[in-house]
Amino acid sequence: MRCSKFRFVSFACVVGICLFAFGCATAPEVVYVKEAQQVTTEALDPVMLESAELEADVSSKFAASLKGISVEEILTAIQTEIANTKRFTKVLLNGSEGDTYIVQPRIERIETKIANIQTDPTRKRLTTRAKVKLDVLFINQRNQKELVKSFYDDRKLEDKIPAKGSLGDDQKSEFVRRAVIVAFRSAADQLGNGFNPSYEMGAISKLNGRTAHVQINTSKLRKMPKKQQAVEVIDDDNKVLATIAELAIEDGSLSGKLYEKSGVSIKEGSKVRARVNALTQ
């Protein structure tokens, strides 16, 4: 009896140990996050639409295909779609509030083709294609426009039309107008969602009076308009202790004047965050 009882207790212990080991092996690993490398920020400053190139496309380059199509209608569609993504505080039309991102809409190609439908001799297939792009630029340190990224949409729309008779210019323009507007709306949505405000993290490597030298990845920061370059010294709770302004940005480092905001002494090794956006990757 004692032997049986002993064997049962031993078996139970072995089972318990196995279950414990199995549980340890399959339980998810606990990961403690020490520092957020990316955090969501407020919307970026205004973006501006420049229409000069688009006006040339509509009135000259593709004038024969775009009769009756207004530049204002295209710009309104682009402006609305960018604003809907809520990545910018506002979208300006041909007006500047200083240092902003500039968006230039362009039409690259328009094609219209009519083909027979073998299974339906009473109708024909009308195919309309429109390829458009939105170039995003900013003003660099030499006061020149520099391309950051382009967003494209190549839109193909198909419609069935009567086999007899022919389409008038107004009817063809309406099909083209629809393709162009849809293409620009898609490109504008891509553009707006392409801007993902975030922070790049770094640390103060040297203090020389009020001048702070910071080690930080500057690949994205250098593509931000000057007005939108925000560099701050923060504590472990992300409270802003100071700002760094009048920036001199190099490859992998920056320097600037330190402006304390909290009364807390800033030291070498203090955490720094710079506002950037993922578009510049």
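Our subject is the structure listed above.
Residues numbered from 1 in each chain as written. Predicted model: local features only at pLDDT ≥ 70, side-chain atom pairs only at ≥ 80, totals over all residues. Heavy atoms only, no water.

## Regarding the overall build of the protein chain
Formally: Note on conventions: DSSP H or I runs of at least 4 residues are helices, E runs of at least 2 residues are strands, and numbering of each starts at the N terminus. Note on areas: Shrake-Rupley with a 1.4 Å probe; residue coverage comes only from the protein chains shown.
The helix and strand inventory of the protein chain stands at four helices and eleven strands. A total of about 16400 Å² of accessible surface is found on the protein chain, and carbon and sulfur atoms cover 50% of it.

## What to know about the packing of aromatic side chains
Condition: Stacked, tilted and edge-to-face pairs are distinguished by plane angle, under 30 degrees for stacked and over 60 for edge-to-face with tilted covering the rest, among Phe, Tyr and Trp rings (Trp via its six-membered ring) whose centres lie within 6.5 Å. Type-normalised accessible area, obtained with a 1.4 Å probe on protein chains alone, sets the label of each residue: buried when under 20%, exposed when over 50%, and partly exposed for intermediate values.
Taken as a whole and judged by the stated rule, the model has two aromatic pairs. When the ring of F88 is compared with that of F195, the centres are 4.7 Å apart and the planes differ by 70 degrees; the resulting orientation is edge-to-face. Of this pair, F88 sits in the loop between α3 (71-84) and β2 (91-93) while F195 sits in the loop between α4 (169-194) and β6 (197-208); the two residues are 107 residues apart in sequence, bridging distant segments of the chain. No difference in accessibility class separates F88 from F195, as the two residues are buried.

## Considering the sheet that holds strand β9 (residues 240-250)
Just so we agree on the cut-off: Strands were regarded as paired on the criterion that DSSP finds at least two bridges between them. Orientation is described by lines fitted to C-alpha atoms, with helices fitted over the stretch in contact, and by angles between N-to-C directions that extend from 0 to 180 degrees.
Pairing is antiparallel around the closed barrel formed by six strands, whose spatial order is β6-β7-β10-β9-β8-β11. Averaged over all pairs of adjacent strands, the angle between their axes in this sheet comes to 40 degrees, without regard to strand direction. Sheet analysis places strand β7 (residues 211-216) next to strand β10 (residues 253-260), joined by five bridges and oriented antiparallel. Looking across to β10, one finds that H213 is bridged to S255.

## A closer look at the packing of helix α2 (residues 52-61) against α3
For any two helices packed against each other, the geometry comes down to the angle between their axes and how far apart the axes lie. Keep this limit in mind: What sets the label is the angle itself: under 35 degrees gives roughly parallel, over 145 gives roughly antiparallel, 65 to 115 gives roughly perpendicular, and the rest give oblique. The hand of a helix crossing depends on one turn: near helix anticlockwise from the far one by less than a right angle means left-handed, and clockwise means right-handed. We call two residues contacting when some pair of their heavy atoms lies within 4.5 Å.
In the contact formed by α2 and α3, the axes pass within 10 Å of each other and the chain directions differ by 135 degrees. Taken together, the axis directions place α2 and α3 in an arrangement best described as oblique. α2 and α3 meet at a crossing whose hand is right-handed. Note on element contacts: α3 touches α2 through V71, I74 and L75, opposite L54, E55 and V58.

## Some details on the pattern of salt bridges
Quick note on the threshold: Put simply, a salt bridge is a Lys or Arg side-chain nitrogen that is within 4 Å of an Asp or Glu carboxyl oxygen.
Applying the stated criterion to the full structure yields 20 salt bridges. Among the ionic pairs, D57 bridges to R106, the shortest N-O distance being 3.0 Å. In this pair, D57 sits in helix α2 while R106 sits in strand β3 (residues 101-116), placing the two residues 49 residues apart along the sequence. A salt bridge links D153 to R155; the shortest N-O distance between them is 3.0 Å. Here the residues in one salt-bridge network are E108, K131, K133 and D135, joined through shared partners.

## Concerning α2
Here is the rule we go by: Directions from the helix axis toward the C-beta atoms define the arc.
Where α2 is concerned, the buried positions are L54, D57 and V58. Relative to the axis of α2, the buried residues are bounded by an arc of 85 degrees and lie together on one face. Away from the buried face of α2 by more than 90 degrees, exposed residues A52, S59 and S60 are located. Where α2 is buried, its residues touch α3, β3 and α4.

## With respect to the pairing of β10
When β9 meets β10, the two strands line up antiparallel, connected through seven bridges. The residue of β10 that forms the bridge with A248 is S255. Counted between consecutive antiparallel strands, the loop separating β9 from β10 contains two residues, among which G252 sits at a positive phi close to 90 degrees.

## With respect to the sheet that holds strand β1 (residues 47-49)
Ordered in space as β2-β1-β3-β4-β5, the five strands form an open sheet in which the pairing is mixed. What marks the edges here is a single partner per strand, and that holds for β2 and β5 (145-162). Between one strand axis and the next, the sheet turns by 25 degrees as a mean value, whatever way the strands run. Where strand β4 (residues 123-139) and β5 come together, 17 bridges link them in antiparallel fashion. By the bridge assignment, K133 is partnered in β5 with Y152. Contacting β3, β4 and β5, α4 crosses the sheet at an angle of about 145 degrees to β5.

## Some words on the environment of K124
Within the secondary structure, K124 is located in strand β4. In this structure, the C-alpha to C-alpha distance between K124 and D159, residues 35 residues apart in sequence, is 8.4 Å. In this structure K124 touches I114, A115, N116, I117, D159, K160, I161, P162 and A163, once residues within four positions along its chain are discounted.

## Details of unusual backbone geometry
The backbone of K86 sits at a positive phi, close to 60 degrees, despite the residue not being glycine. If you trace the backbone, K86 turns up in the loop between α3 and β2. According to the relative accessible area criterion, K86 is exposed, its value standing at 65%. If you check the backbone angles, N238 has positive phi at about 65 degrees while not being a glycine.

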